[in-house]
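Here are the chains, one letter per residue:
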Amino acid sequence: MFGRVVLASLSGQSDAEWAAAAAEHADTAVLGGVALDERSRQAARELVARDREEFLPDDPLAFVDEQLAALDDAPLSPAMNVRSATVEPIREAAEICARQDAIVEINAHCRQSELCAAGCGEALLADTDRLCEYVAAASDVGAQVSVKVRAEVEGVDLPETARRIESAGADAIHVDAMDSEAVVRDVVDAADLFVVANNEVRDRASVREYLRYGADAVSVGRPSTEPAVLRRVRDAVDEWFDGDAEERPDNRPPEPQS
């Protein structure tokens, strides 16, 4: 499963080389995201056409396999963030991840209109039944399953989503908290999942905020190519888990006043 310091996937950038470059500071690297089926790949092509970086290999499943294999000797655990408008490619990617002892991370996070129109990202997050079908398909083939989600999506109750995906077989939830950091506590309280907290994790203060809300780990996104940021995050996480327990989750911040 995830370690305490996670490198979060960056579209079109998070490959094995990126992960290896930051391996001394992290425990887990999430590669991808990779569009698996034709609808998600067409959405990715449309994003590239407007200057966004995307992984578009000829054979996405072979790419998943090759990238994970490239980290066989790296001192971190790999994960692969995947997108699909249909369930079967999720199952196939999960089989590869299970064979490579990697986590499959189902992307219910991206908010680009092209991906949402294809039924990926936030559109999947808003369709809990379909999301649970994806989770069950991945879990059934023996993969460790994470779901990447985003806070502040209209109509989405993240704690309820956490409960549902746990029942479907998920092991972890990777929460982009946006500007609603306290939602991490709600997710932690809702389900017995490994919780990775993400968004603006850059220093001791941001690390400790999420860990005080009960997160099991934090992830670094855009600054994952900046060694100074990764060192600060690594030091803060190690200090928290190796130090005394005076600020552990049972001593969390008070509920915000309405």
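Residues numbered from 1 in each chain as written. Predicted model: local features only at pLDDT ≥ 70, side-chain atom pairs only at ≥ 80, totals over all residues. Heavy atoms only, no water.

Named according to an unreviewed UniProt entry, the protein is TIM-barrel protein, putative originating from Natronoarchaeum philippinense.

A.B. asks: Residue-level account of helix α2 (residues 38-49), with values.
C.D. replies: Over its 12 residues, α2 runs 16 Å from end to end, which matches the ideal 16 Å to within 8%, given 1.5 Å per residue. Looking at the buried residues of α2, the elements they touch are β2 (28-35), α3 (60-69), β3 (77-83) and α5 (113-117). Count one or two residues on from α2 and you reach Asp51, which has phi positive near 75 degrees. (Helix = DSSP H or I, 4+ residues; strand = E, 2+ residues; numbered from the N terminus. Expected span 1.5 Å × (residues − 1). Contact = heavy atoms within 4.5 Å.)

A.B. asks: Before we move on, could you go through the nonpolar core and cite the residues and values that matter?
C.D. replies: Counting 75 residues, the largest nonpolar core has Ile165, Ile173, Val175, Val184 and Val233 as the members making the most contacts within it. Ignoring anything within four residues of it in the chain, the contact list for Val184 reads Val175, Ala177, Val195, Ala197, Tyr210, Tyr213 and Ala215. Counting residues in hydrophobic clusters, the runner-up holds nine residues, among them Phe2, Val6, Val30 and Ala217. (Core = buried A, V, L, I, M, F, W, Y, C linked by side-chain atoms within 4.5 Å. Buried < 20%, exposed > 50% of the residue type's maximum accessible area, 1.4 Å probe, protein only.)

A.B. asks: Pulling in residues and values, what's your account of the sheet that holds strand β8 (residues 217-220)?
C.D. replies: With parallel pairing, the eight strands of this closed barrel are ordered in space as β1-β2-β3-β4-β5-β6-β7-β8. Strand after strand, the sheet turns through a mean of 25 degrees between neighbouring axes, direction not considered. Sheet analysis places strand β1 (residues 5-7) next to β2, joined by two bridges and oriented parallel. Its bridge partner being in β2, Val6 is matched across the sheet by Thr28. Helix-sheet contacts for helix α8 (residues 158-168) involve β5 (144-150) and β6 (172-176), and the interaxial angle to β6 is about 160 degrees. (Pairing = 2+ DSSP bridges. Axes fitted to C-alpha atoms, helices over the stretch in contact; angles between N-to-C directions.)

A.B. asks: If you had to explain the packing of aromatic side chains to someone new, which residues and values would you point to?
C.D. replies: Applying the stated rule across the entire model yields two aromatic pairs. Measuring from centroid to centroid gives 6.2 Å for Phe2 and Phe194, while their planes differ by 25 degrees, and the two rings are stacked. Linking Phe2 in the segment before β1 with Phe194 in strand β7 (residues 194-198), this pair joins segments that are 192 residues apart in sequence. Residues Phe2 and Phe194 agree in their burial class; the two are buried. With a centroid separation of 5.3 Å and 40 degrees between ring planes, the pair formed by Phe55 and Phe63 is classed as tilted. For Phe55, a relative accessible area of 10% gives the class buried. The ring centre of Phe241 lies 3.9 Å from the NZ or CZ of Arg4, which sits over that ring. (Phe/Tyr/Trp six-rings, centres within 6.5 Å; stacked < 30°, edge-to-face > 60°. Lys NZ or Arg CZ within 6 Å of the ring centre and 35° of its normal.)

A.B. asks: Give a description of the pairing of β5 that names residues and reports values.
C.D. replies: A large share of β5 lies buried, amounting to six of its seven residues. Here β5 pairs with β6 via five bridges, running parallel. The partner of Val147 across the bridge, within β6, is Ile173.

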